[in-house]
Structures are given as structure tokens and as C-alpha cells.
Amino acid sequence: MNSVLQALLHTPPLRDYFLSDRHNRYYCQLKNGVKLCLACDVDAMFSAVFSGDRKPYSPAKFLYSWWQHASDLASYDQQDAHEFFISMLDGIHENVERDRGKPPRHGDCCIAHRVFSGILRSDVMCMACGFTSTTYDPCVDISLDLEPHQVTAHGKTSAKSHPSSNTTTSTLIGCLDRFTRPERLGSDQKFFCQQCQVSQESLKQMSIRKLPLVSCFHIKRFEHSHTRKMSRKVDRYLQFPFSLDMAPYLSSSILRSRFGDDGDDVAANEMSSEFELFAVVTHSGKLDAGHYVTYLRLSNQWYKCDDAWITRVNENVVRAAQGYMMFYVQKMLYYRASAQVCPS
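Fair warning: this is a prediction, and the values are worked out from it, not measured in the lab.

**Q** Give me the lowdown on the overall build of the protein, citing residues and values where you can.
**A** Counting its secondary structure elements, the protein contains 10 helices and 18 strands. Among the 344 residues that make up the protein, the fraction classed as buried is 44%. Of the contacts made within the protein by residues no fewer than 6 positions apart, 67% connect residues no fewer than 24 positions apart.

What follows is the structure, given as C-alpha cells:
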């Protein structure tokens, strides 16, 4: 919980929303004694964290509210940071959308989705006639598989090794390339082609139709095999850039390379595709027991947030960390926030 809260408390558009009194816990109409309002406790948390008081803040009241919202996760067992992230955004969405304490403003219905929500495009193309079926799905993050081991002709893995470990290296760029490259579906996954009027083998390709203000990438480090009846954690090192251009993964770019034009009604120049990394949530330990730590980038200086202990670190420490969740904000918003907020 602490690791994700550190990232969310320093997410520029989310911080600006709560610190500008857009959800006021004193005027919220949801606090009727029956169900607690998670957004109100988020509002209280932002006020406490940015009050200037240097004593550690314990989000105990927020934890209680979250337990009321996500009763299936309400226990003292260890939970997954990514599951908490999704559950918390869902709780903010539910509360802010139902808040009628102030006159509604355009776009105020859900700050969680205004900040994190993007749109994925999925194209499934018939390999017999070329007919393409397209669907669009909203998402608040993108879950990425680590790149598989590349085996050479000599039977050895060709992936590079991280200098401080024996594990092979993946890159965030490689994971995104893999996420958006065409994938031939197997014969057991044939889809019904409306043009051929029979089930055909197909080619599937994912792309990003609309980028969010803040892109969250979740790395699938926990593998579960139903055939082998076992689970394990993947400790492979992941290289991630501090600056990221998402233009190659946009639907308009991918369709342009496929057909010679964008073929999509959302042009690339309508979105800001350049992002800056501002938070990394890491996981150390095993599948059933571990510890989360967050690295925060404030005014171009990195800080390690390990529960109540905050220390300044070199960027090489961040690069060497085992990334589990990476938070990127649009470059324009990052530099605007850096000019406004300095670490105390």
C-alpha cells in the first residue's frame, strides 16, 4: 500500500486535483455513516502529506476505508501492489463519480480515469481475405510480459546479462515492441470472418489508440502454470528509460506502416507521445513473501521511499532496481510539476 501511495501522491495531475479542493472531504455528500468515502480519505492524505509536517504519516484511516471498499482484500495477508493500484483507482472512480457535493464541472466525473485511462485498439485480421475486425478497450495500465530468452544456434541464451547478477536482461522498449507486434493465432483460436462467412486463422495486433496523461506499465513477474501446477517469480533484470516516446506504439503509427496511411480517427499529432519516468515500484523477495520499495523522481532528484524511511539516491541505483510498476507522465506535465514542487 505504501509503495503505490507514494507514486500516486506524486502523480502531478492527481495531486493537482486533490490539492485544488476538487473533492472536499468536508462537503462530500457520501459520508452518511453507512459507507466510508475512499476519495475523502485520499483528500485527507494529500492534505497531510503536503502540509509541511515532516513526521511520518500513517494512512491507517485510508486503509480502513479501502478495506470497506475491497472486502475481498481485507486481511493481514500479503497482497499484490498492482492489485491494490487497480482497486484504489476503482474506489476513487466510484466515490468521485457519485459525489454531488459541488456543481458538476466538465470532466469531473472521474479523476482516476482522466489521469490513467487510455484506449487500446485490437485488430484481428483474417489470413484468407484480409478482413479486419477492430475492437477498442479502455485501460488504466498496460501489463507487459518480459521478453523470452533468445536461444542461439549453440543452444545458449543470447540475451545480455546485467552486470550485478546472473539473470538475463529485458528492456521496456522490447516489451512494448512485443506487446504491439502482430501475433498469429493458433488453429484452436480461429475467428469467424464476416467476409468469408467461416472460421479462419487470423493475425492479431494490439496498439494504443489514445494515450493517458500518466502511463502505468505493470511487469508480469509472477507466473502461474496450471499444467505444472506451480507458481514462480521472474527475477529477470529490466532496463527502462527515463524518457520514453510512445509514438511507435500508437494505432496511427502502426496502421501507417501497415497500410501507408493512419486509418484511425485519432491522429498522432493530437496527443503528446513523449513521457518522463517519475516513479518506479520495485519488488524484492519471493512469490509468497517480499517487500515493495518506491523510487520517486522530484525536481530531477531520485528518492528511495521504503515505508517511513526516505533517502536520496543516485539514478544508477534506480536503473539497477528490479522494476515491477513504472509510472510515466506526459513530458509537458512533468516539467511543469518540477517547476512547482521542490522536495522539502
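**Q** If you had to explain the state of the cysteines to someone new, which residues and values would you point to?
**A** A complete count under the given rule lists zero disulfides for this structure. Free cysteine C193: the closest other cysteine sulfur is in C129, separated by 3.6 Å.

**Q** An account of the environment of R312 is requested, with residue identities and associated values reported.
**A** With respect to the helices, strands and loops of the structure, R312 is situated in strand β17 (residues 309-313). Separated by 17 residues in the primary sequence, R312 and Y295 place their C-alpha atoms 9.4 Å from one another. Beyond its immediate sequence surroundings of up to four residues, R312 is in contact with Q301, W302 and Y303.

**Q** Tell me about the pairing of strand β14 (residues 274-285), residues and numbers included.
**A** With nine of its 12 residues buried, β14 lies for the most part within the structure. As paired strands, strand β13 (residues 243-245) and β14 are joined by three bridges and run antiparallel to one another. Residue pairing across strands places L244 opposite F275, the latter belonging to β14. Pairing of β14 with strand β18 (residues 323-330), which is carried by seven bridges, proceeds in the antiparallel orientation. In the strand pairing of β18, L277 is matched with Y328. Two strands pair when backbone bridges link them, and β14 and strand β15 (residues 290-298) are joined in this way by seven bridges, in the antiparallel orientation. Across the sheet, G285 pairs through a bridge with G290, a residue of β15. Between β14 and β15, which pair antiparallel in sequence order, lie four residues.

Conventions used here
- Here the residue numbering is sequential within each chain, running from 1 through the sequence in written order.
- Predicted model: local features are reported for residues with pLDDT of at least 70 only, side-chain atom pairs are reported and counted for 80 or more only, and whole-chain, interface and lining totals are derived from all residues.
- With hydrogens and water excluded, all non-hydrogen atoms of the structure serve as input to the side-chain values.
- Strands are runs of DSSP state E lasting at least 2 residues, helices are runs of H or I lasting at least 4, and numbering of each runs from the N terminus.
- Three exposure classes are used, based on accessible area relative to the maximum for each residue type with a 1.4 Å probe and protein chains only: buried under 20%, partly exposed in between, and exposed over 50%.
- Contacts between residues were defined by any pair of non-hydrogen atoms, one from each residue, lying within 4.5 Å.
- By disulfide we mean two sulfur atoms from cysteines, separated by a distance within 2.5 Å.
- Here, a strand pair is defined by DSSP locating no fewer than two bridges between the strands.

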